[in-house]
Amino acid sequence: MVAVCNYDECNRRGTVVSRLSPEGFLVSSGKKAYSFREAYERFHYCKECHEMLMKEVWSRVRSSGDKDDDHVAPTAV
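The rules we used
- Residues numbered from 1 in each chain as written.
- Predicted model: local features only at pLDDT ≥ 70, side-chain atom pairs only at ≥ 80, totals over all residues.
- Heavy atoms only, no water.
- Helix = DSSP H or I, 4+ residues; strand = E, 2+ residues; numbered from the N terminus.
- Buried < 20%, exposed > 50% of the residue type's maximum accessible area, 1.4 Å probe, protein only.
- Contact = heavy atoms within 4.5 Å.
- Areas by Shrake-Rupley, 256 points an atom, 1.4 Å probe, with all protein chains shown as cover.
- Core = buried A, V, L, I, M, F, W, Y, C linked by side-chain atoms within 4.5 Å.
- Disulfide = S-S within 2.5 Å.

Turning our eyes to something else, we now look at the overall build of the chain. Counting its regular elements, the chain contains 2 helices and 2 strands. Listed N to C, the secondary structure of the chain is β-α-β-α in terms of helices and strands. Looking at the chain as a whole, 26% of its 77 residues qualify as buried. Sequence separation of 24 or more characterises 58% of the internal contacts of the chain that already satisfy a separation of 6 or more. Here the chain displays about 5,800 Å² of accessible surface, and carbon together with sulfur accounts for 50% of that area.

Rendered as C-alpha cells:
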C-alpha cells in the first residue's frame, strides 16, 4: 500500500515521513512515550508539499510575531 500525501488535497505519493502536522506543528499522540518514535504521530508528504511546509515552519520560527500560543516549536524536540 502506497501512502498518499497528507497535505490538503494533494493526491501525490507521500514519500517523505514527517512528525509535522499539515498545519505545521509537532503533534503528540498523547500516549506515554518511551522513545521519540512512539511520542509523535507520523505524516506522509510528497517532496514538494514537505518542502513548502518546512519553509512555512521556519518562516514562523524566524518571525518576531506573537509567540504566546500553545504549540511546540520545531526546535524544541
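We are not done yet, so read on.
Bringing the nonpolar core into the picture now. Core analysis: the largest hydrophobic core is formed by 11 residues, namely Cys-5, Tyr-7, Cys-10, Leu-20, Leu-26, Phe-43, Tyr-45, Cys-46, Cys-49, Leu-53 and Val-57. Elements supplying a minimum of two residues to this core: strand 2 (43–45) and helix 2 (47–62). Per-element accounting of this core gives the leading share, 3 residues, to helix 2. Excluding residues that lie within four positions of it along the chain, Tyr-7 makes contacts with Pro-22, Tyr-45, Cys-49, Met-52, Leu-53 and Glu-56.

Phi is mostly negative for residues that are not glycine, and the peptide bonds are mostly trans. The residue Asp-8 is not glycine, and still its phi comes out positive at about 40°. Structurally, the position occupied by Asp-8 is in the segment before strand 1 (16–18).

Here the focus is the state of the cysteines. Within the structure shown, the criterion is met by 0 disulfides. Considering cysteine sulfurs only, Cys-49 is the nearest to Cys-5, which forms no disulfide, with 3.8 Å between them. Among the residues examined, Cys-5 registers a relative accessible area of 5% and is labelled buried. Looking at the unpaired Cys-46, the closest cysteine sulfur is the one in Cys-49, lying at 3.5 Å. Residue classification places Cys-46 among the buried positions, given a relative accessible area of 2%.

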